[in-house]
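A structural walkthrough
For reference, the chains in residue letters:
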Amino acid sequence: MSVIQVRPATLRDAKAIAEIHVASSQDAYKALLPAAALDGMSVQKRQAFWREAIDLCEPQVMVAHLDNKIMGFVGFDRSRDKGTPATTGEIWALFASPEHLDKGVGLALWDAARDGLQEEGCTKVTLWCYLRNDRALRFFELAGFKREVGSARTAEVGGSRIEEIRLFRSLV
């Protein structure tokens, strides 16, 4: 039986990461974001973003794979939120390919990100999630994240306003 493996992303992974990012965003956000915004997502632009992230290690990017087929990815680093201590990490992105949902990919990626953040000396981790993204909220809450009271904010995405909330959990 094969087991999901997680490893640091390489520049060669950028295209697969971009394809997963676009496909999973289009799948997960179809009820949340305007169709034009989702249809306008570009694998080419996402690939450029993830190539730069991998090259600069900002954020750190890891991929989950099974028999060398990439199934998902996670980007994590120090928190980008103003005023947070240096010991606060952030999950910048965590996506599993739509065909690999509910197969342990998210958990494998979360475990790797948690370990990486702990190695960096982080004692707390945060992330931002669309308030109506029930699947993601359920996943992160099962992973021990709590909603941060008073953190809700409105983001503009594709000409629409969408509420997002910060979640947090301890790493110690």
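Rules behind the numbers
Residues numbered from 1 in each chain as written. Predicted model: local features only at pLDDT ≥ 70, side-chain atom pairs only at ≥ 80, totals over all residues. Heavy atoms only, no water. Helix = DSSP H or I, 4+ residues; strand = E, 2+ residues; numbered from the N terminus. Buried < 20%, exposed > 50% of the residue type's maximum accessible area, 1.4 Å probe, protein only. pLDDT = per-residue confidence, 0-100. Core = buried A, V, L, I, M, F, W, Y, C linked by side-chain atoms within 4.5 Å. Disulfide = S-S within 2.5 Å. Phe/Tyr/Trp six-rings, centres within 6.5 Å; stacked < 30°, edge-to-face > 60°. Arc of directions from axis to C-beta. Contact = heavy atoms within 4.5 Å.

Pro59 follows Glu58 through a cis peptide bond whose omega is 0°. Its location among the elements puts Pro59 in the loop between α3 (43–56) and β2 (60–66). Positive phi outside glycine occurs at Asp67, with the angle close to 50°. A residue is classified by how much of its surface remains accessible, and Asp67, at 63% relative accessible area, is exposed. Even without a glycine there, the phi angle at Asn68 is positive, about 70°. By secondary structure assignment, the location of Asn68 is in the loop between β2 and β3 (69–78).

It is worth spelling out the confidence of the model for the protein chain at this point. Per-residue confidence for the protein chain gives a mean pLDDT of 94; residues scoring 70 or more make up 99%. Element-level mean pLDDT values for the protein chain span from 88 in helix α2 (residues 35–39) up to 98 in strand β6 (residues 146–147).

Once that is clear, we can look at the nonpolar core. The tendency in soluble globular proteins is for nonpolar side chains to be buried as a group. The biggest cluster of nonpolar side chains holds 26 residues, and the ones touching the most others in it are Val74, Ile91, Trp110, Phe145 and Leu167. Looking at this core, the elements with two or more residues in it are β2, β3, β4 (88–96), α4 (105–119), β5 (124–130), α5 (134–142) and β8 (160–170). With six residues, α4 is the largest single contributor of residues to this core.

Residue placement: Glu99 occurs in the loop between β4 and α4. Among the residues examined, Glu99 registers a relative accessible area of 47% and is labelled partly exposed. Distance in space between the C-alpha atoms of Glu99 and Val125 is 28 Å, their sequence separation being 26 residues.

By the definition in use, this model includes zero disulfides. Among the cysteines around Cys57, which has no disulfide bond, Cys122 carries the closest sulfur, lying 15 Å off.

Scanning all chains against the criterion turns up seven aromatic pairs. Judged by centre distance (5.0 Å) and plane angle (75°), the rings of Tyr29 and Tyr130 are edge-to-face. Placement of Tyr29 in the loop between α1 (14–28) and α2 and of Tyr130 in strand β5 is noted, with a sequence separation of 101 residues between them. Both residues of the pair, Tyr29 and Tyr130, count as buried.

Quick look at α5 now. Along α5, the residues classified as buried are Ala136, Leu137 and Phe140. Angular distribution of buried residues about the axis of α5 spans 100°; they occupy a single face of the element. Residues of α5 that are exposed and angled more than 90 degrees away from the buried face: Asp134 and Leu142. Where the residues of α5 are buried, they touch β4, β5, β6 and β8. Phi for Gly144, located one or two positions after α5, is positive at around 100°.

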